[in-house]
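Structural overview
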Amino acid sequence: MSCTVLIVEDEAPSRKELAETTPWAELGCSLVGAAADGLEGEAMIRSLEPDIVITDIRLPGQDGLEMLSRCCVSHAIILSGYTDFGYTRRAIQLGVWDYLEKPVSSEELNEAIRSLVRQLDKEEEGLGALRGDNALIELPHSVGNHIINSVIAYIASNYARPIGLQEAASYFELSESHLSRLFKEETGLNFLQYLNAWRINKASQLMADPRRNISEVAAECGFPSPGYFAKIFKRFSGMTPSQWRDKASCKEWDGASFS
């Protein structure tokens with residue numbers, strides 16, 4: 001898989017150096033954009049839906065951590081000249097992959113990107129094992145922990161809204177880091193993977209009706225844009241939504257529910 005990357009850095013020389021000197025292709029990546037502040041970064045994340053965001057923390061408009069918390073970002077690398085423990089703690093809660101202190105050497109940054117790309121490849125392979133009949137994803141609905149069972153029920157009731165780990169943790173009065181760790185231990189997936197898998201299952205059922213518009217299905221299932229839906233759908237099912245629908249139309253839909 002080739003990972004798409006967005007840079008968010010307010011210092012123009014640093015932004016230019018990152019964009020032009022990082023060997024993206026060698027690292028298994030492609031650079032899709034660079035933003036100069038937190039608000040522009042948020043807008044570009046929403047429109048470009050990168051796999052990886054590399055960002056500073058202190059940015060004009062809004063800081064990098066606030067930007068990440070407001071978007072569908074599952075993997076990020078922080079570059080910061082500040083070692084404030086509060087920043088580090090918040091980054092950990094948001095699931096940031098690595099926190100690198102400026103000045104960052106090219107070797108250090110490249111190794112962080114390589115490590116994250118390897119993790120993304122591993123996740124990609126793991127998602128393939130979850131596929132069941134009709135491209136539905138086999139998800140645990142009941143585990144041996146009542147808190148996680150309640151979180152799963154929360155996802156089932158709220159998947160159509162723009163929810164995330166932060167909202168779920170707040171609802172259940174848990175720290176994000178504790179909920180994230182516990183959810184992964186009990187289900188084998190992180191919160192965002194499970195949420196997206198649930199949404200993909202629901203979308204698969206809705207798209208079985210050829211009268212349903214794919215973009216409308218995406219919005220109804222909580223995806224912020226048709227493009228993001230298509231990318232996540234292919235990651236889980238191995239097909240684009242249109243390809244899946246063409247394949248499904250050749251079979252009799254048996255109305256299967258979530259596995």
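- The name given to the protein in an unreviewed UniProt entry is Helix-turn-helix domain-containing protein, with the source organism recorded as Candidatus Aphodenecus pullistercoris.

Side note on the UniProt feature "modified residue: 4-aspartylphosphate" (unreviewed entry) in the protein
- In the numbering adopted here, UniProt assigns the feature "modified residue: 4-aspartylphosphate" (unreviewed entry) to Asp56.
- For Asp56, the position within the fold is in the loop between β3 (52-55) and α3 (64-69).

Focus: the environment of Glu138
- In this fold, Glu138 is placed in the loop between α5 (106-128) and α6 (146-158).
- As for Glu138 and Asn201, which are separated by 63 residues in sequence, their C-alpha atoms are 9.1 Å apart.

Observations regarding the nonpolar core
- Among the nonpolar cores identified, the biggest contains 38 residues, and Ile155, Phe183, Phe191, Tyr194, Ile200, Phe223 and Phe229 are the most heavily contacted of them.
- Only α6, α7 (165-171), α8 (176-187), α9 (191-207), α10 (214-220), α11 (226-237) and α12 (241-249) provide two or more residues apiece to this core.
- Here this core gets 9 residues from one element, more than from any other, and that element is α9.
- Those residues within four positions of Ile155 in sequence are excluded, and the remaining contacts are Phe183, Phe191, Tyr194, Leu195 and Trp198.

Examining the sheet that holds strand β2 (residues 29-35)
- Spatial ordering of the open sheet is given by β2-β1-β3-β4-β5, a layout of 5 strands whose pairing is parallel. Strands at the two margins of the open sheet, each flanked by one partner only, are β2 and β5 (98-101). Between one strand and the next, the sheet's axes are offset by a mean angle of 20°, whatever the strand orientation.
- As paired strands, β3 and strand β4 (residues 76-80) are joined by 3 bridges and run parallel to one another. Residue pairing for β4: Thr55 is matched across the bridge by Ile78.

About the thresholds
Residue positions are given per chain, counting from 1 as you read along its sequence in written order. Only residues with pLDDT of at least 70 are given local features in this predicted model, and only at 80 or more are side-chain atom pairs given and counted; all residues enter the totals for whole chains, interfaces and linings. Water and hydrogen atoms were dropped before computing side-chain values, which therefore reflect all heavy atoms in the structure. UniProt positions are given in the numbering used here, feature names are shortened, and annotations may be inferred rather than shown by experiment. For the purposes of this entry, the term helix denotes a DSSP run of H or I that reaches at least four residues, the term strand denotes a run of E that reaches at least two, and both are numbered from the N terminus. Put simply, buried Ala, Val, Leu, Ile, Met, Phe, Trp, Tyr and Cys residues joined by side-chain atoms within 4.5 Å make one nonpolar core. Each residue is placed in one exposure class: buried if its accessible area under a 1.4 Å probe, protein chains only, is under 20% of its type's maximum, exposed if it is over 50%, and partly exposed if it falls in between. The contact definition used throughout considers only heavy atoms, calling two residues in contact when any of these lie within 4.5 Å. Two strands qualify as a pair provided that DSSP identifies no fewer than 2 bridges between them. Angles run from 0 to 180 degrees between N-to-C directions of axes, and those axes are lines fitted to C-alpha atoms, restricted for helices to the stretch in contact.

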